[in-house]
Amino acid sequence: MQVGGNIGTPVTAMIDSSRADGWNVLELSSFQLETIVEFRAHIGLALNVTQNHLDRHHTSRATPLPRAALRTMQAGDFAVLNAEDRVCASYAERTSARAEWFSSRRQVTWVQACAAIN
């Protein structure tokens, strides 16, 4: 397993040592994701969208996370989404991955998570 990304080892430094039977655990910011062309995460987490994201992307709908990382995910992949963050919850509508939910405040059911989207 290799760990890197936004903080720590740059993703590009991990390419040569990546293996098909190994894991790369990456922390990628929306700033890094905005220019990706080919990237597919099998498991992706959306933790939050904060004001500093809006400073760069101007609106929460414009953040590149759903356009880039979640867009390239496929059926059989997992999008782990923050049910307490309305923008993160809305990402479930923009991916083919299976949405899984988390909350630091309560146990989240699928029905509750869907209500947060709407």
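Small disclaimer: the values here were computed from a predicted structure and weren't measured.

Visitor: A description of the side chain of Gln2 should follow, citing residues and the corresponding values.
Guide: Considering the arrangement of structural elements, one finds Gln2 in strand 1 (residues 2-5). At 2.4 Å, the side chain of Gln2 and the side chain of Ser17 are in polar contact. Setting aside its immediate chain neighbours within four residues, Gln2 contacts Met14, Ser17, Ser18, Trp23, Asn24 and Val25.

Visitor: Account for the pattern of salt bridges, naming residues and giving values.
Guide: Close approach of charged atoms lets side chains of opposite charge pair. Overall, the coordinates contain 5 salt bridges when judged by the stated rule. The salt bridge partner of Arg19 is Asp21, with a shortest N-O separation of 2.9 Å. Residues Arg19 and Asp21 agree in their burial class; the two are exposed. Glu84 serves as the salt-bridge partner of Arg106, at 3.0 Å between the closest nitrogen and oxygen. Here Arg106 is found in the loop between strand 5 (98-102) and helix 5 (110-117), whereas its partner Glu84 is found in the loop between strand 4 (78-82) and helix 4 (86-90), with 22 residues between them in sequence.

Visitor: Any chance you could break down the pairing of strand 4 for me, citing the residues and the numbers?
Guide: Looking down a regular strand, the side chains alternate between one sheet face and the other. In terms of residue burial, strand 4 counts as a mostly covered element, since 4 of its 5 residues are buried. The sheet contact formed by strand 3 (residues 43-46) and strand 4 spans 4 bridges and is parallel. By the bridge assignment for strand 4, Gly44 is matched with Ala79. Sheet analysis places strand 4 next to strand 5, joined by 5 bridges and oriented parallel. Bridge pairing in strand 5 links Phe78 to Arg98.

Visitor: Would you mind going over a nonpolar patch on the surface in detail, with residue names and values included?
Guide: Nonpolar side chains collect at one region of the surface, where Met1, Val3, Trp23, Val25, Ile43, Leu45, Leu47 and Phe78 lie side by side and expose about 860 Å² of accessible area between them. Counting through the fold element by element, Ile43 comes out in strand 3.

Visitor: So what about the nonpolar core? Which residues, and what values?
Guide: If you look at the biggest cluster of nonpolar residues, it comprises 15 residues, and the most contacted ones within it are Leu81, Tyr91 and Trp101. Among the elements of the structure, strand 4, helix 4 and strand 5 are those that each provide at least two residues to this core. The dominant element in this core, judged by the number of residues it contributes, is helix 4, at 3 residues. Aside from chain neighbours lying at most four places away, what touches Leu81 is Ala46, Cys88, Ala89, Tyr91, Ala92, Ala99, Glu100, Trp101 and Phe102.

Visitor: I'd love a proper account of the sheet that holds strand 4, names of residues and values included.
Guide: The sheet built from 3 strands is open, its strands ordered 3-4-5 with parallel pairing. Sheet topology places strand 3 and strand 5 at the edges, where each strand pairs with a single neighbour. Taking each pair of neighbouring strands and ignoring which way they run, the sheet shows an average axis angle of 25 degrees.

The rules behind the values
Residues numbered from 1 in each chain as written. Predicted model: local features only at pLDDT ≥ 70, side-chain atom pairs only at ≥ 80, totals over all residues. Heavy atoms only, no water. Helix = DSSP H or I, 4+ residues; strand = E, 2+ residues; numbered from the N terminus. Polar contact = N/O pair within 3.5 Å; in protein donor to acceptor, adjacent residues only side chain to side chain. Contact = heavy atoms within 4.5 Å. Salt bridge = Lys/Arg side-chain N within 4 Å of Asp/Glu carboxyl O. Buried < 20%, exposed > 50% of the residue type's maximum accessible area, 1.4 Å probe, protein only. Pairing = 2+ DSSP bridges. Patch = residues over 30% accessible without salt bridge, like charges linked within 9 Å, V, L, I, M, F, W, Y side chains within 5 Å. Areas by Shrake-Rupley, 256 points an atom, 1.4 Å probe, with all protein chains shown as cover. Core = buried A, V, L, I, M, F, W, Y, C linked by side-chain atoms within 4.5 Å. Axes fitted to C-alpha atoms, helices over the stretch in contact; angles between N-to-C directions.

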